[in-house]
Amino acid sequence: MKDVSAISTYAESGLTTAQVKQAQERGESNKMNTRSSRSFKAILRTNLLTIFNAILVSCMVVVLLVGQWQDAVFGVVMVANILIGTGSELRAKRTLDKLAILQSPKTVVVRDGQAQEIASSDVVTQDVICVSAGDQVVADGEVCHAAGLRVDESMLTGESVPVAKQAGDSLMSGTTIVAGNGVFQATAVGRDAYAGQLTAEAKQFTRARSEIAEGIDRVLKWISWVIVPMVCLLVWSQLRSAEGVSWQHAVVLAIAGVVGMIPQGLVLLTSMNFALASAQLARQNVLVQELNAVEVLARVDRLCLDKTGTLTTGTMTVTDMNHYVDDDQAGRRALAYLVSDEGNDTARAVKSALEDVSPSDPDRYVAFDSSRKWSALQDHEGTWFFGAPEILLKQARGEAAQQAREQVDECAKQGARVVCLVRSKQPLNEDEPELADDLAPVLLVVLQEEIRSDAEETLQYFREQEVGLKVISGDNPTTVGALAQRVNLCGDRQVRTFDAREFPQDEAEARRVCQEYDVFGRVTPDVKRKMVKALQADGHTVAMTGDGVNDVLALKAADLGIAMGSGTTATKAVAKVVLVDGKFSKLPGVVAQGRRIIANMERVSSLFLTKTFYVAAISAVVALMAWRFPFLPRQMTIISSLTIGIPSFFLALAPNKRRYTPGFLQRTLALAVPSAAVIGITALVIYRLCGETREESSTAATLAVVIGGLYLLGILSRPLVPWRIALLTTMAGLAVVTVMTPMLRTFFALQWPTGWTWLIIVLAGIVQALLLEGIHRTHDRAYGAVTRIVR
């Protein structure tokens, strides 16, 4: 049982069993829904009920009913994509479901006049709660009694110094008691408490925005508008064609046109590429909790950094002790005692520097209080005060005091933290502690936060990549600014700092401030989020790093939240990327993966969308002219597999360091549409000119399209290094083998062409190559600087 010495005083203030029951009936308990915002059914429904799936399922069912099963193999792509997407979101759901800012399992409350230990989830409004060092505050409340009560609010506010609490002060849920004990009365519990509100917001599922996925979805929406009338036109035209097609075969041919227009392989390849990149990053201790997140970091142009855990390790070290008396041994012994019972980083650092010093044996002692900003003791050598130099040196006189004040100012400019030990000959009053008026400096202790060894190099990488860097911290802006200057946050330019307590409410002014300044101090969780949103409103893609609960809202609002492995459960749950080993230097590698994906997917998207548009063009022409559609669905499978599906898998995994540039869909369509016109027209001309049978005509058209597709593949694979040449050769060889092998010819409804047909196919291939090369060169002049492969 915890220290509950004040319980007897507040026994009558505690609730009765009947009052607790009434509060529970009103829903005023600390119980919270442990689920995230989306259920398993919702996730499955989202991945199943898509335009993409609706089109493919309809086509597959129709083919199985009226055609042959070989023409329905395209359904495998749909099933694989559903499994990958659902699996990814279920993993994110499990992570969010584990999110809980309140982690204290038991709480001591006063009920029916007695202290009782209950589950924290059973706390209700107006409960009288007892806390002591090490406890987590489980509800918002007002302090009734405090005995040296100090609270660490850093996880919520960012302030690193514990806050002393007195009767009448407020407590926030999620904070931790670091010293003393006390009693408080709960005023808000569950979702109404501060931690509950943070948890509720953090649990809301948000999907990382993917430009690739959005571009594909846009194309699918365009297709969905024309698909029904196109099917009707194709069926009608096939029945009217001069070649006497049955209604069943007309439906199958119409399905071939529809399926050919859908870039189903691109959807699957995108998911697979993200999944493989996530697996590669996991081997480097980088956990990607949502597949799209890898791509997002490649698009980031503003990176907001939390100081602790990113620029610094969070560890304080003593770098210097400046002495102002000849014999300071008595002062060192007094200082050793003053820091022996403190739990903050500053005290721990000083304690470590004095580990070989025996603490003095005081007659009187006053603990540190953040409102006074000093602690004190009296021993046989005198009275000693230890704390903030701006307080302790304010009234000190003499040359030594002036020297000490100048040194404090100089250290502050360099980003160092300074604490001061002063001495007085006057006795210490424990009951009403106050500073003496004869203070003289004894020691100035200079501390520095330990800079991460990889910070400067990593920041230089982002500067070179033209990513704007912003440091957002709850600490003093001057101190943080000096630290940022030490790691060359802005290169040769001076760091500009801003005190976020003056952060403007006006949106336009907020955007100006976020654009103009580099370092922001005294930032609250809500202001962090406002800053992220202000940067986004200015058109930036924003990533945010963090490790504390005070970072949760900003991490959630950012386009990409990045948590340190040493961070809280809450930050790791809401972040899309977690640096498991906490190494900031891993971020350039994550960026490289994202850039590889988005650059390579842009190339292979050109292949997929070219097929979409040439099939759409062929479908429109044959519908208007009442011609037979040139391909069966299985023949479209050959074309897709050899010119797009198989090679694009290898191309998507190839190294590519090209920097991201907006306009993915525009650049892709600029190449895909004219290329599709060339290949589509060639296919129709070849089909109408070649062959004495439908099988031979379809074979000629299929091979002509394969040649055009492989040439376009060769263009997009440049520079043609050996492995890319081998890939192109293999795909061409497989096409020849398919036509030469009787069993495969039968399966794909092909026929060996005559000599005349072969000649036309070769000539058509040469014409296609010349036209596609011209289109590529025109495209390269317009977009080459942003589409060229960087090896």
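Residues numbered from 1 in each chain as written. Predicted model: local features only at pLDDT ≥ 70, side-chain atom pairs only at ≥ 80, totals over all residues. Heavy atoms only, no water.

Per an unreviewed UniProt entry, the recorded name for the protein chain is HAD-IC family P-type ATPase, and the organism is Gleimia hominis. UniProt, in the comment section headed Subcellular location (unreviewed entry), describes the protein chain in these words: "Cell membrane". (UniProt positions renumbered as here; feature names shortened; annotations may be inferred.)

**Q** I'd like to hear about the overall build of the protein chain, residue by residue, with values.
**A** Across its full length, the protein chain holds 28 helices and 21 strands. For the protein chain, the proportion of its 791 residues judged to be buried stands at 56%. Taking the contacts inside the protein chain whose residues are at least 6 apart along the sequence as the reference set, 74% of them involve residues at least 24 apart. When the accessible surface of the protein chain is split by element, carbon and sulfur atoms take 55% of a total near 33,400 Å². (Helix = DSSP H or I, 4+ residues; strand = E, 2+ residues; numbered from the N terminus. Buried < 20%, exposed > 50% of the residue type's maximum accessible area, 1.4 Å probe, protein only. Contact = heavy atoms within 4.5 Å. Areas by Shrake-Rupley, 256 points an atom, 1.4 Å probe, with all protein chains shown as cover.)

**Q** Please provide a residue-by-residue account of the packing of aromatic side chains, values included.
**A** A full pass over the atoms with the stated rule returns seven aromatic pairs. On the basis of an interplanar angle of 80 degrees and a centroid distance of 5.4 Å, the ring pair of Y461 and F462 is categorised as edge-to-face. On the basis of relative accessibility, which here comes to 3%, the residue F462 falls in the buried class. (Phe/Tyr/Trp six-rings, centres within 6.5 Å; stacked < 30°, edge-to-face > 60°.)

**Q** Give me unusual backbone geometry: which residues, what numbers.
**A** For the bond running from R718 to P719, omega is 0 degrees, close enough to zero to count as cis. Turning to its location among the elements, P719 is positioned in the loop between helix 25 (694-716) and helix 26 (722-740). Of note in the backbone geometry, A749 takes a positive phi value of approximately 55 degrees without being a glycine. By secondary structure assignment, the location of A749 is in the loop between helix 27 (742-747) and helix 28 (755-787).

**Q** Any details on the pairing of strand 9 (residues 302-306)? Residues and values, ideally.
**A** By the criterion of burial, strand 9 is predominantly enclosed, with five of the five residues buried. Of the two faces of strand 9, the one lined by R302, C304 and D306 and the one lined by L303 and L305 are each fully buried. Where strand 9 and strand 19 (residues 542-546) come together, three bridges link them in parallel fashion. Each bridged residue has a counterpart across the sheet, and for L303 the counterpart in strand 19 is A543. (Pairing = 2+ DSSP bridges.)

**Q** I'd love a proper account of the side chain of T107, names of residues and values included.
**A** Among the secondary structure elements, T107 is positioned in strand 1 (residues 106-111). A relative accessible area of 6% means that T107 is categorised as buried.

**Q** Any chance you could break down the nonpolar core for me, citing the residues and the numbers?
**A** Counting residues in each nonpolar core, the largest one holds 85 residues, and the members touching the most others are L297, L303, L489, I562 and F631. At 13 residues, the largest contribution of residues to this core is made by helix 22 (residues 587-625). Counting residues in each nonpolar core, the second largest holds 25 residues, with A500, V549, A554 and V574 among its members. (Core = buried A, V, L, I, M, F, W, Y, C linked by side-chain atoms within 4.5 Å.)

**Q** So what's going on with a nonpolar patch on the surface? Which residues, and what values?
**A** Together, W756, L759, V762, L763, I766 and L770 make up an exposed nonpolar region whose accessible area comes to about 640 Å². By secondary structure assignment, the location of W756 is in helix 28. (Patch = residues over 30% accessible without salt bridge, like charges linked within 9 Å, V, L, I, M, F, W, Y side chains within 5 Å. Salt bridge = Lys/Arg side-chain N within 4 Å of Asp/Glu carboxyl O.)

**Q** Would you mind going over the sheet that holds strand 19 in detail, with residue names and values included?
**A** Ordered in space as 8-21-20-19-9-16-18-17, the eight strands form an open sheet in which the pairing is mixed. Bordering the open sheet on either side are strand 8 (286-288) and strand 17 (497-499), each of which pairs with just one other strand. For this sheet the average axis-to-axis angle between neighbouring strands, irrespective of direction, equals 20 degrees. In this sheet, strand 21 (residues 577-579) lies alongside strand 20 (residues 560-564) in parallel orientation, the contact comprising three bridges. Paired with M564 across the two strands is L579, which belongs to strand 21. Contacts from helix 17 (residues 477-486) reach strand 16 (468-472), strand 17 and strand 18 (519-521), with the element oriented near 150 degrees to strand 18. Sitting on the sheet, helix 19 (residues 525-537) touches strand 9, strand 16, strand 18 and strand 19, and the angle it makes with strand 19 is about 160 degrees. (Axes fitted to C-alpha atoms, helices over the stretch in contact; angles between N-to-C directions.)

**Q** Describe the packing of helix 16 (residues 455-464) against helix 22, naming the residues involved and giving the relevant values.
**A** Running from N to C, helix 16 and helix 22 cross one another at 30 degrees; their axes reach a closest spacing of 10 Å. One finds that helix 16 runs roughly parallel with respect to helix 22. Touching T458, Y461 and F462 of helix 16 are L587, P588, V591 and R595, all from helix 22. (Parallel < 35°, antiparallel > 145°, perpendicular 65-115°, else oblique.)

**Q** Please give an account of the sheet that holds strand 12 (residues 374-379) that cites residues and values.
**A** One open sheet holds the six strands; their spatial order is 10-15-14-13-12-11, and the pairing between them is antiparallel. Only two strands of the sheet have a single neighbouring strand rather than two, namely strand 10 (312-323) and strand 11 (364-369). Between one strand axis and the next, the sheet turns through 15 degrees on average, direction left out of account. Both strand 11 and strand 12 contribute to a ladder of four bridges, which runs antiparallel. Bridge assignment links V366 to a residue of strand 12, and that residue is A376. Sheet contacts for helix 15 (residues 399-413): strand 10, strand 14 (417-424) and strand 15 (440-451); angle to strand 15, the most-contacted strand, approximately 10 degrees.

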